[in-house]
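# Commentary on secondary and tertiary structure
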Amino acid sequence: SARGSGELTGEMDGLRKKCQSSDRFWSRRTGGNSAANSSRPNSSDSESAREGGGMMGMLHNEQLARLAAAYGSMGALDVILEHSPPIASYGERRAVRVSVGSILACTAHVHPQYENIFRRLMARPVEQMYRTARGESLFHLAALNGNVHGIAVLENVGHQLNCVCDETGETELHYAVRAGQVRVVKDLLTAGSDRMSISCQGHTPSALAELVADASMKKVLSPSRRG
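Residues numbered from 1 in each chain as written. Predicted model: local features only at pLDDT ≥ 70, side-chain atom pairs only at ≥ 80, totals over all residues. Heavy atoms only, no water.

### Description of the side chain of His174
By secondary structure assignment, the location of His174 is in helix 12 (residues 172–178). Polar contacts involving the side chain of His174 include one to the main-chain amide nitrogen of Thr171, which spans 3.1 Å. Once residues within four sequence positions are removed from consideration, His174 is found in contact with Ser197, Ile198, Ser199, His203, Thr204, Pro205 and Leu208. (Helix = DSSP H or I, 4+ residues; strand = E, 2+ residues; numbered from the N terminus. Polar contact = N/O pair within 3.5 Å; in protein donor to acceptor, adjacent residues only side chain to side chain. Contact = heavy atoms within 4.5 Å.)

### Brief notes about the pattern of salt bridges
As enumerated under the stated definition, the model contains eight salt bridges in all. Put simply, Asp78 and Arg120 hold a salt bridge, and the shortest N to O gap is 2.4 Å. Of the two residues, Asp78 is situated in helix 6 (residues 74–82) and Arg120 in helix 8 (residues 114–121); the sequence distance between them amounts to 42 residues. Residue classification places Asp78 among the buried positions, given a relative accessible area of 11%. The salt bridge involving Glu115 is made with Arg119; its shortest N-O contact spans 3.5 Å. Placement of the pair is Glu115 and Arg119 together in helix 8, with a separation of four residues, close to one helical turn. If you follow the salt bridges from partner to partner, you end up with Arg134, Glu136 and Glu167 in one network. (Salt bridge = Lys/Arg side-chain N within 4 Å of Asp/Glu carboxyl O. Buried < 20%, exposed > 50% of the residue type's maximum accessible area, 1.4 Å probe, protein only.)

### Concerning the nonpolar core
Ranked by internal contacts, the top residues of the largest apolar core, which has 46 residues, are Leu77, Leu104, Phe118, Val185, Leu188 and Leu221. Of all the elements, helix 10 (residues 138–144) adds the most residues to this core, at six residues. If sequence neighbours within four positions are ignored, Leu221 has contacts with Leu173, Val177, Val185, Leu189, Arg195, Pro205, Ser206 and Ala209. (Core = buried A, V, L, I, M, F, W, Y, C linked by side-chain atoms within 4.5 Å.)

### A look at unusual backbone geometry
In this model, Asn162 sits at a positive phi of 65°, which is unusual for a non-glycine residue. Within the secondary structure, Asn162 sits in the loop between helix 11 (148–156) and helix 12. Residue Asn162 is classed as partly exposed on the basis of its relative accessible area, which comes to 28%.

### Thoughts on the confidence of the model for the protein chain
Put simply, the protein chain has an average pLDDT of 75, and 66% of its residues get 70 or more. Long-range and interchain partners of residues 1–8, a stretch whose pLDDT sits below 50, account for 20 contacts in this model, where long-range means more than four residues apart. (pLDDT = per-residue confidence, 0-100.)

Pasting the structure below:
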């Protein structure tokens, strides 16, 4: 699996260990299907979420939201976001390397409300400012993992393009090229990603495509394809 997704494993495993009854919890809130369910949770689910009962009393809403996103429980995540403060302000923010947005950026869950929930999530400043320990933005993570739906959401909400990874100096376009994500490269170029950005190793995205010998990528990035 892609490195961006792999970085989520440790924290998610830790959260799962704290949630011994998580399957029953998410089942109650997503109508019996914790993986993906398009029906909105009923009023009793919303009320228990509001009161902080059950698992809500055991974990911080932010942790619950990350866990729901990791499991692909969009119905549960919808409830948590609805009954959480509009601005996330958890004390360990600077130490946390995994945000709800980073999980959604890595994987577009097969759920009809994915994009709507992601958009609402991106209204929170903590997600807009999020960077990984390496200095990667949500655009980096979505590009690396080929998440075209996530790219569309981030573009729609005006998330900053052309952020540079602190460690490599690469933009989200470099990441998409390196990962062989042709569709994502096309979408990023349309959105305004800088094809002339130079990484710490002195590579533009086009030069990187030459290095990885990706003919399709070189064609997409060729000067004749500039809009």
